[in-house]
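Read off the chains here:
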Amino acid sequence: MQSSLTQQIWIYVDEGDSQRGRSVVRQVLETLRSAGCPGATVLRGVGGFGVHGVLYSDLLVDVPSRLPLVITCVDRSDRIERVLPALCALVTEGLIVRTPVEVIQSSRREGGPFPRNVTVADVMSRDVVQVKPATSVTAIFNLLIDRTVRALPVVNDQGAIVGIITDGDLLRRGATSLPLRLQQLLPHDAHKAEVALLATKPQHAAELMTPNPVILSAGTPIAQAAAMMVDQNLKRMPVVDVAGQLVGMVSRSDLLNTVVEGLHQRPEQPLRLPEGAPATISALMITGVPTVQRETPLVATLDRRLENEKRRVVVVDADQHVVGIITDGDVLRRAARRVQGNALHRIAAWFSGGERPSELEMQAKGRTAADVMTSPVITVTSDTPPTEAIRLMMEHSVKRLPVVDADGRLIGLIGRAALLGTLRD
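In this text the structure is predicted, and so the values were computed from the model without any measurement. (Residues numbered from 1 in each chain as written. Predicted model: local features only at pLDDT ≥ 70, side-chain atom pairs only at ≥ 80, totals over all residues. Heavy atoms only, no water.)

Examining the overall build of the chain
How we decide: Strands are runs of DSSP state E lasting at least 2 residues, helices are runs of H or I lasting at least 4, and numbering of each runs from the N terminus. Summary of the burial criterion: residues with accessible area below 20% of their type's maximum are buried, those above 50% are exposed, and those between are partly exposed, where the area comes from a 1.4 Å probe applied to protein chains only. Shrake-Rupley sampling with a 1.4 Å probe provides the accessible areas, and residues are treated as covered by the protein chains on show and by no other component.
Counting its regular elements, the chain contains 17 helices and 20 strands. In the chain, buried positions account for 44% of the 425 residues. Carbon and sulfur atoms form 51% of the exposed surface of the chain, whose accessible area is close to 21,600 Å².

Listed below in structure tokens is the structure:
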């Protein structure tokens with residue numbers, strides 16, 4: 001068959017066809033809608049006959065209940081390809097045809113920042129690292145570090161998801177003393193101390209996981225996925241197909257990147273935010289951001305960082321103009337060049353709430369905030385629209401942006417979670 005970016009499917013059934021006691025037509029429509037197809041139409045024939053050779057017509061008053069029906073849908077070929085197996089399973093007596101089509105015009109009701117016909121399946125990551133309930137904690141730890149992932153779905157032998165292991169699970173159940181965000185910043189030899197502790201901790205995924213995690217269907221519209229992430233305060237979620245098997249993972253970044261793609265595709269048309277959403281980030285930013293100056297000693301700088309749950313310290317000059325920003329990653333990456341693995345591990349442990357390393361004063365002697373800060377810094381003003389802040393975050397791969405006034409003075413900080421919250425319907 002000739003390939004095409006857009007295809008039309010035609011499904012021929014009888015109006016009386018059923019499966020598991022439910023109308024096949026209704027189930028086909030629900031399947032297409034769940035897959036994210038933009039629309040489908042059911043056409044009712046006035047007469048016809050099928051493979052059995054029986055003629056039905058609404059002109060014959062004795063058999064009006066078996067008239068032919070045609071369900072048709074136009075969509076992207078990749079999505080049609082994904083939904084076809086489910087349609088074939090439903091239409092056991094009938095005909096399914098697909099043809100390439102040329103779309104001359106496609107108009108739809110104005111929506112919000114997320115395209116209405118884009119589903120989780122269109123944006124999720126399909127290369128998912130997963131484990132079984134019996135997977136050892138050592139193997140889990142190594143997977144998380146080596147693949148730099150923050151969550152591992154746990155699946156049974158049939159591929160159905162039965163749990164998930166996150167950073168919080170590891171910490172709560174004592175499988176590690178450091179958050180993954182810090183573990184993944186350490187050089188390989190610095191992990192030896194953590195691996196040595198695993199023998200006395202929970203031994204298998206079944207002991208670590210959170211059972212029955214919140215999941216998404218692959219056909220969930222991304223606007224709905226964003227609302228669920230905001231409501232559940234989640235950064236990433238497992239995705240399952242119609243059979244309940246794990247097929248992907250979707251993250252906050254995946255959803256926000258979709259907004260950025262929309263901005264690029266329609267630069268002349270501002271994205272409409274849901275009704276009631278703030279027009280600017282002034283109502284979304286946090287204030288009271290910890291600050292230091294370039295010459296602030298490094299130990300004092302790190303003390304200031306520990307005062308802030310957002311794990312950021314903004315470096316300002318004497319007039320409060322932003323000149324740099326310091327994250328855990330900045331400190332650990334730059335400290336790794338000067339200190340040994342064990343000492344680096346102890347610094348990371350301090351970042352996550354442990355005791356200050358006794359040798360820190362000596363190792364940080366003579367070093368200041370300027371030695372570890374990232375500069376220059378991408379900033380936004382309080383009147384920046386949320387969609388523009390999202391664009392800057394995703395294009396520069398940062399999770400938070402300092403907010404400045406008209407004169408460039410620091411007044412707050414804005415993060416991804418707050419911005420995603422403005423996009424939910």
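What about the sheet that holds strand S9 (residues 151-155)?
Worth spelling out the cut-off: At least two bridges found by DSSP between two strands is the condition for calling them paired.
Pairing is antiparallel in the open sheet, where 3 strands are placed in the order S9-S10-S11. This sheet does not close on itself; its edge strands, each paired only once, are S9 and strand S11 (210-211). Summarising the sheet, strand S10 (residues 161-166) and S11 pair through 2 bridges and their orientation is antiparallel. Of the residues in S11, the one forming a bridge with Gly 163 is Pro 211.

Observations regarding the pattern of salt bridges
Applicable threshold: Salt bridge, as applied in this entry: a Lys or Arg side-chain nitrogen positioned within 4 Å of an Asp or Glu carboxyl oxygen.
Inspection of the entire model under this criterion finds 15 salt bridges. For Glu 30, the salt bridge is made with Arg 26, and the minimal N-O distance between the two is 3.2 Å. Note that Glu 30 and Arg 26 are positioned in helix H1 (residues 24-34) at a spacing of 4 residues, about one turn of the helix. Here Arg 26 falls in the exposed class, since its relative accessible area comes to 52%. The partner of Asp 75 in a salt bridge is Arg 79, and the shortest N-O contact between them spans 2.7 Å. Both residues of the pair, Asp 75 and Arg 79, belong to the buried class.

Some thoughts on the packing of H1 against helix H2 (residues 77-90)
Put simply, the rule reads: To obtain an axis, a line is fitted to C-alpha atoms, over the contacting stretch when the element is a helix, and the angle between two such axes runs from 0 to 180 degrees between their N-to-C directions. Note on terminology: angles under 35 degrees are roughly parallel, angles over 145 are roughly antiparallel, angles of 65 to 115 are roughly perpendicular, and the others are oblique. Whether two residues are in contact is decided by their heavy atoms: any pair within 4.5 Å suffices.
Taken N-terminus to C-terminus, the directions of H1 and H2 make an angle of 170°; their axes are 10 Å apart at the nearest point. One element, H1, and the other, H2, form an angle in the roughly antiparallel class. Contacts between H1 and H2 involve Val 24, Gln 27, Val 28, Thr 31 and Leu 32 from the first element and Val 83, Ala 86, Leu 87 and Leu 90 from the second.

Topic: the environment of Ala 134
Within the element layout of this structure, Ala 134 appears in the loop between helix H3 (120-123) and helix H4 (137-146). Sequence spacing of Ala 134 and Asn 156 is 22 residues, and the spatial spacing of their C-alpha atoms is 9.5 Å.

Some remarks on the pairing of strand S13 (residues 236-240)
Burial analysis of S13 places 4 of its 5 residues in the buried class, the great majority of the element. Alignment of strand S12 (residues 216-217) against S13, held across 2 bridges, turns out to be parallel. Bridging from a neighbouring strand, Leu 216 pairs with Val 239 of S13. Summarising the sheet, S13 and strand S14 (residues 246-251) pair through 5 bridges and their orientation is antiparallel. Looking at the pairing, Pro 238 lines up with Met 249 of S14. Connecting S13 to the antiparallel partner S14 that follows it, the hairpin turn spans 5 residues, and Gly 244 within it adopts a positive phi of roughly 85°.

Points about the pairing of strand S7 (residues 68-76)
Of the strand pairs in this sheet, strand S1 (residues 6-14) and S7 are connected by 9 bridges, and their pairing is antiparallel. Bridge pairing in S7 links Gln 7 to Asp 75. Where strand S4 (residues 41-44) lies against S7, 4 bridges are found, and the strand directions are antiparallel. Bridge pairing links Thr 41 to Thr 72 in S7.

Things to note about the nonpolar core
To keep it simple, the criterion reads: Here the nonpolar core consists of buried residues drawn from Ala, Val, Leu, Ile, Met, Phe, Trp, Tyr and Cys, with membership extended through side-chain atoms lying within 4.5 Å.
Counting residues in each nonpolar core, the largest one holds 36 residues, and the members touching the most others are Phe 114, Val 250, Leu 255 and Ile 414. Residue contacts for Phe 114: discarding those within four places in its chain leaves Ile 222, Ala 223, Ala 226, Leu 255, Val 259, Leu 420 and Leu 423. Of all hydrophobic cores here, the second largest spans 18 residues; its members include Ile 11, Val 28, Val 83 and Leu 84.

Section: the confidence of the model for the chain
Rules: pLDDT gives the predictor's per-residue confidence on a scale running from 0 to 100.
With 75% of its residues at a pLDDT of 70 or more, the chain has an overall mean of 81. In the model of the chain, helix H7 (residues 192-197) stands out as the element of lowest mean pLDDT, 53, in contrast to strand S18 (residues 380-381), which has the highest, 96.

Examining helix H9 (residues 222-232)
Turning to H9, its buried residues number three or more, namely Ile 222, Ala 223, Ala 225, Ala 226, Ala 227 and Met 229. Looking one or two residues past H9, Asn 233 carries a phi angle of roughly 55°, positive in sign.

Details of the sheet that holds strand S16 (residues 312-316)
One open sheet accounts for 3 strands, arranged S15-S16-S17; its pairing is mixed. Looking at the sheet topology across the chains shown, the edges are occupied by strand S15 (291-292) and strand S17 (322-327).

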